[in-house]
There are 2 protein chains.
Amino acid sequence: MKLLSQQSSFGGHYIRYQHASSVNHCDMVFSVFIPPQALRSPESLKAAPVVYWLSGLTCTDENFMQKSGAHRVAAELGLILVAPDTSPRGAGVPDDEDGAYDFGLGAGFYVNATQAPWATHYHMRDYIVEELPRLVQTKLSIQGPASISGHSMGGHGALTIGLSNPDKYVSISAFSPISNPVNCPWGVKAFSNYLGSDKETWAQYDACSLLSRESLGQAILVDQGLDDQFLEAQLGIPALQKALKKHGDSARVRMHAGYDHSYYFIASFIEEHLRFHAEHLASAT
Amino acid sequence: MKLLSQQSSFGGHYIRYQHASSVNHCDMVFSVFIPPQALRSPESLKAAPVVYWLSGLTCTDENFMQKSGAHRVAAELGLILVAPDTSPRGAGVPDDEDGAYDFGLGAGFYVNATQAPWATHYHMRDYIVEELPRLVQTKLSIQGPASISGHSMGGHGALTIGLSNPDKYVSISAFSPISNPVNCPWGVKAFSNYLGSDKETWAQYDACSLLSRESLGQAILVDQGLDDQFLEAQLGIPALQKALKKHGDSARVRMHAGYDHSYYFIASFIEEHLRFHAEHLASAT
């Protein structure tokens, strides 16, 4: 692993790493925030709880770290934050042929692609669930319990990855998630290309489908702005609310008047998400 | 004035406006954050205290609003934030002939240029001190007392504009300011081009020169990172410390181990700056 940069922030360290990814067959970059509490000793670093953050379309590992204001809260709560990139990158990684923002580079949709030419590099599901945590645990010696959160495409990632891996993520949260990708233009485009036509494969990557089949292993918190420009066409929030209903009080979807799809919405409520995760992570240790 | 966008943030409104500038002879854009307290009534909007933020080289009106985390604190304290652009822009506005980042577009240095071809558009001093506050007062009906802050080139702007206008700004703060531009490469390049060779004109735009001549009309808070990559060559902090010494306890320069020149430094300490201004603004009303 190559250390790209290290900066002080709220008494902690904001660090970016690059590494050769064996699942994505390219170099990947990810960001880590280490709170001051975890810098005190190797033991405190090893034990500190971790929140993985998955970003949305067009983002990299940096957007959340720059714009969410999460460092302040993580520094208070002693949370480590890990933010991966949103797709494989680099020479040889295929992109949407028209360079569209919603597919290809910056738009890996957190799936393992099965179709050519995407299947060679686009294995973001395995990257998030297997390779990245293994690197964090072995190379950075960060081994505390983990939760997962994300925004938009990353909210879809957090929900589907969290629901499919209750042993690995203590709690799940999402902002403005693409909740029912099998039924929206962004999801249908991405899944058709990455996964082909088999709808059973699609369902493994659809939060609403997963919720309809399984019991709920974790607490879930979802925040959604009512002035979100993608609310009607892309996000499938009514389907999510319906799918969550049968799981009772451990899953909450909160609607917020006036808020849109931007990082100003995330910044306004990230403190509540990190406190939600910190509480559940504390019970897990 | 044209409203470009309005977004909810921390219960307040983040708004961007465009207007024809009579002093810069081009269209200018600025950003405003209105805290929830000021949205309650026309009277509360009119009376709310204001902090003007001046950004650094390469920035626009947006960087501070996106990356500083200031909305959260301003929403708590009831402060209005106003952030202008860092130079005139648009067709016909001349730029550095090599497109350098440290002169021309994005680098107006908060002076009134006297030299061709800059003197036609580059009147950022008059824009910040006269035209922008007049627009804020008359078009937005925001008429509370004001303080001023900024980063790097904007720290230079906040110090020089604040010191020269004690009747207009209740308190002054700066992050990593270019404190002695007449003695650093960034300042010498900008002042030579914008102002010509008259050193008396330069001195009006040099915080250290101003502090050596006048008594101090306001409290000043300056924060500086010790890992700042521009600390030695550009910022002149020792000269600032020397110039402030004779003014006693109302001016503080705090040095912070580990912090660099980035927005992570600003984000880490913006809360203390806004509380500093809120306190002084409260005494002013």
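Residues numbered from 1 in each chain as written. Chains lettered and ligands numbered in written order. Predicted model: local features only at pLDDT ≥ 70, side-chain atom pairs only at ≥ 80, totals over all residues. Heavy atoms only, no water.

Focus on the confidence of the model for chain A
Test applied: Here pLDDT means the predictor's own confidence in every residue, given as a number from 0 to 100.
Taken residue by residue, chain A gives an average pLDDT of 97. The fraction at 70 or more is 100%. The complex model carries a pTM of 0.96, and its ipTM stands at 0.95.

Observations concerning the interface of chain A and chain B
Interfaces are often sized by the amount of accessible area the parts lose when they come together. Let me state the cut-off plainly: Any pair of residues with heavy atoms lying within 4.5 Å of one another is described as a contacting pair. Buried area is a sum: the accessible area each of two parts loses on coming together, probed at 1.4 Å, counted once for each and added. For this document, the term salt bridge refers to a Lys or Arg side-chain nitrogen within 4 Å of an Asp or Glu carboxyl oxygen. Nitrogen and oxygen atoms within 3.5 Å of one another constitute a polar contact, given that in protein one can donate a hydrogen and the other can accept it, and given that sequence-neighbouring residues count only through two side-chain atoms. Elements are defined by DSSP. Helices are runs of H or I of four residues or more, strands are runs of E of two residues or more, and each kind is numbered from the N terminus. Each residue gets one label: Ala, Val, Leu, Ile, Met, Phe, Trp, Tyr, Cys and Pro are nonpolar, Asp, Glu, Lys and Arg are charged, and the others, such as Gly, are polar.
Counting residues at the interface gives 18 residues for chain A, matched by 19 residues for chain B. The contact between chain A and chain B buries some 1700 Å² in all, and 48% of this surface belongs to carbon and sulfur atoms. Here chain A is connected to chain B by zero salt bridges. In this structure, the connection of chain A to chain B is made through twelve residue pairs in polar contact (both at pLDDT 80 or more). Mapped onto the side of chain A that touches chain B, the elements with two or more residues apiece are β1 (2-9), α2 (63-67), α3 (70-77) and α11 (263-284) of chain A. Partitioned by chemical class, the residues of the side of chain A that touches chain B number six nonpolar, nine polar and three charged.

Comments concerning the sheet that holds strand β8 (residues 219-225) of chain A
Residues and elements named next belong to chain A. Formally: Two strands make a pair as long as DSSP finds a minimum of two bridges between them. An axis is simply a line fitted to the C-alpha atoms; with a helix, the fit covers only the stretch in contact. Between two such axes, the angle follows the N-to-C directions and lies from 0 to 180 degrees.
Overall, mixed pairing links the nine strands, which are arranged β1-β2-β3-β5-β4-β6-β7-β8-β9 in an open sheet. Two strands bound the open sheet, and with one partner strand each, they are β1 and β9 (251-256). Averaged over all pairs of adjacent strands, the angle between their axes in this sheet comes to 15 degrees, without regard to strand direction. As paired strands, strand β7 (residues 171-175) and β8 are joined by five bridges and run parallel to one another. When the bridges of β8 are listed, Phe175 appears paired with Asp223. Contacting β4 (50-54), β5 (80-84), β6 (146-151), β7, β8 and β9, α11 runs over the sheet at an angle of about 175 degrees to β7.

Brief notes about the environment of Asn193 of chain B
Residues and elements named next belong to chain B. Counting through the fold element by element, Asn193 comes out in helix α6 (residues 185-195). Separated by 79 residues in the primary sequence, Asn193 and Thr114 place their C-alpha atoms 8.9 Å from one another. Setting aside chain neighbours within four positions, we find Asn193 in contact with Phe103, Gln115 and Trp118. A distance of 2.8 Å separates the side chain of Asn193 from the backbone oxygen of Lys189, its partner in a polar contact.

Some thoughts on the relation of the copies chain A and chain B
Two chain copies here: they are related by a rotation about an axis and a translation along the same axis. Formally: For the least-squares superposition of copies, only C-alpha atoms count, and only for residues with pLDDT at least 70 in both.
Note on the copies: chain A fits chain B at an RMSD of 0.0 Å, the axial shift is 0.0 Å, and the rotation between them is 180 degrees. Taken together, the turn and the small shift mark the pair as related by a two-fold rotation axis. Considering only C-alpha atoms, the part of chain A nearest the rotation axis is Lys67 of chain A, at 2.5 Å. The residues that chain A uses at the interface reappear at the interface of chain B in 100% of cases, marking a shared surface.

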